[in-house]
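Summary of the model geometry
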Amino acid sequence: MAATRIDVETKDGVVWITLDGPETRNALDARASQDLIAACDRIDADPEVGAAVITGAGRAFCSGADTDVLTSLRSARADEGYEGLDVLYAGFRRFAGLRVPTVAAVNGAAVGAGLNLALAADLRVVAEDALLVSGFAAVGIHPGGGHLHLLARAAGSTAAAAMGVFARRVRGSEAVGLGLAWAAVPADDLHPTVREVVAHLAADPELARALKADLRLTVLDTAAWERAVEIERARQLWSLTRWPNSRQSKDS
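Since we're looking at a predicted model, the values are computed, not measured.

Observations concerning the overall build of the protein chain
Counting its secondary structure elements, the protein chain contains 10 helices and 10 strands. Among the 252 residues that make up the protein chain, the fraction classed as buried is 50%. Accessible surface computed for the protein chain: about 11,200 Å², of which carbon and sulfur atoms make up 53%.

Shown next as structure tokens:
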């Protein structure tokens, strides 16, 4: 099965990162995660970049961690499973650590680790017909990557419980009211809207990086996310060992 490619385009001070894996609806595997990290390293090293946008090719944003990889971790040694999950989730954690402000242009379904990736951005603009899905509990897997923390950070504890525990799905048109997104727009308006949102940052990359640094230091509790990642990782590994084959889904 073809892996998701990480396509990178820089235009007018903005880097557009596109997840392109039509066979898996832009799922993340170890290679895609590593390629995303490499792209982020290049962005941080380019002083002419003032903002980064991540989006998906086709009708999906990101369907989450590749289920073939998750299946392989079920029978791995404990240390291999522990590190394997870290590799899968390292990509969106690195994206969150970019030195420039970031936007997730959520063009379609964002599921599981794909929703984590969207939540790792500083701002989300979503298509009205996009779908935000926790995806873990509904198929018998404990959330991972600090998922519940990221949901609560964006939309509060009630939303985290509703989506992460009770498996409620959220349409793009509902996301703004919950605090999960800044704006919900028709699909055709998604990219033009995001370009307008980041235009002033692209024009002044030095200021953009200063703003991002202060956002991380004064607003975002990165230490809390790190704790959540470690707490969830052990429970997710446990859940994978008991994951019934009949409940496996490409939405996890």
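Some details on the pairing of strand E7 (residues 123–127)
Most of E7 is tucked away: four of the five residues are buried. Where strand E5 (residues 102–106) lies against E7, four bridges are found, and the strand directions are parallel. Its bridge partner being in E7, alanine 104 is matched across the sheet by arginine 124. Across three bridges, E7 lies against strand E10 (residues 183–185) in parallel orientation. Each bridged residue has a counterpart across the sheet, and for valine 126 the counterpart in E10 is alanine 184.

Describing the environment of aspartate 122
If you trace the backbone, aspartate 122 turns up in the loop between helix H4 (113–120) and E7. For aspartate 122, the contacting residues outside a window of four places in its chain are Val100, Pro101, Thr102, Lys212, Leu215 and Leu220. Within the local environment of aspartate 122, its side chain forms a polar contact with the backbone nitrogen of threonine 102, the two atoms lying 2.9 Å apart. Here the side chain of aspartate 122 touches lysine 212 through a polar contact of 3.1 Å, side chain to side chain.

A few points about the sheet that holds strand E3 (residues 51–56)
Spatial strand order, E1-E2-E3-E5-E7-E10: six strands in an open sheet with mixed pairing. At either margin of the open sheet sits one strand with a lone partner, and together these are strand E1 (5–11) and E10. Pairs of neighbouring strands in the sheet enclose a mean axial angle of 20°, with direction left out of account. Pairing between E3 and E5: four bridges, direction parallel. From the neighbouring strand, alanine 52 faces E5, where its bridge partner is threonine 102. Of the strands in this sheet, strand E2 (14–20), E3, E5 and E7 are in contact with H4, which crosses E5 at around 135°.

Describing the pattern of salt bridges
Applying the stated criterion across every chain, the model contains eight salt bridges. Of the charged contacts in the structure, one is a salt bridge between lysine 212 and aspartate 122, with a shortest N-O distance of 3.1 Å. One end of the pair, lysine 212, is in helix H9 (residues 205–218); the other, aspartate 122, is in the loop between H4 and E7, with 90 residues separating them in the sequence. A residue is classified by how much of its surface remains accessible, and lysine 212, at 1% relative accessible area, is buried. We classify aspartate 122 as partly exposed; its relative accessible area is 22%. With a closest N to O distance of 2.7 Å, arginine 233 and glutamate 230 form a salt bridge. Of the two residues, arginine 233 and glutamate 230 are both situated in helix H10 (residues 222–241); the distance of three residues between them amounts to about one turn of the helix. For arginine 233, a relative accessible area of 7% puts it in the buried group.

Here we look at the side chain of serine 33
Secondary-structure assignment places serine 33 in helix H1 (residues 30–45). Only 2.8 Å separates the side chain of serine 33 from the backbone oxygen of valine 87, close enough to count as a polar contact. Not counting chain neighbours up to four residues away, the residues in contact with serine 33 comprise Val87, Leu88, Ala90 and Gly91.

Considerations on the nonpolar core
Ranked by internal contacts, the top residues of the largest apolar core, which has 54 residues, are Ile54, Phe61, Phe95, Val106 and Leu132. Apart from residues lying up to four places away in sequence, leucine 132 is in contact with Val106, Ala110, Leu115, Met163, Arg169, Val170, Ala175 and Leu180. Within the second largest apolar cluster, 15 residues are counted, among which are Val14, Trp16, Val53 and Ala105.

Regarding helix H6 (residues 157–165)
Listing the buried residues of H6 in full gives Ala159, Ala160, Met163 and Gly164. Around the axis of H6, the buried residues are gathered within 100° of arc, so they sit on the same side. Exposed and facing more than 90 degrees away from the buried side of H6 are Ser157 and Thr158. Residues of H6 that are buried sit in contact with H4, strand E8 (131–133), helix H5 (147–155) and strand E9 (170–171). Of the residues flanking the end of H6, it is alanine 167, one or two places downstream, whose phi is positive at about 60°.

Quick look at the confidence of the model for the protein chain
Close inspection of predicted coordinates is inappropriate in any region flagged by low pLDDT. With 90% of its residues at a pLDDT of 70 or more, the protein chain shows a mean pLDDT of 91. Confidence over residues 246–252 falls short of pLDDT 50; this stretch has 29 contacts with residues more than four positions distant or in other chains.

What counts and what doesn't
- Residues numbered from 1 in each chain as written.
- Predicted model: local features only at pLDDT ≥ 70, side-chain atom pairs only at ≥ 80, totals over all residues.
- Heavy atoms only, no water.
- Helix = DSSP H or I, 4+ residues; strand = E, 2+ residues; numbered from the N terminus.
- Buried < 20%, exposed > 50% of the residue type's maximum accessible area, 1.4 Å probe, protein only.
- Areas by Shrake-Rupley, 256 points an atom, 1.4 Å probe, with all protein chains shown as cover.
- Pairing = 2+ DSSP bridges.
- Contact = heavy atoms within 4.5 Å.
- Polar contact = N/O pair within 3.5 Å; in protein donor to acceptor, adjacent residues only side chain to side chain.
- Axes fitted to C-alpha atoms, helices over the stretch in contact; angles between N-to-C directions.
- Salt bridge = Lys/Arg side-chain N within 4 Å of Asp/Glu carboxyl O.
- Core = buried A, V, L, I, M, F, W, Y, C linked by side-chain atoms within 4.5 Å.
- Arc of directions from axis to C-beta.
- pLDDT = per-residue confidence, 0-100.

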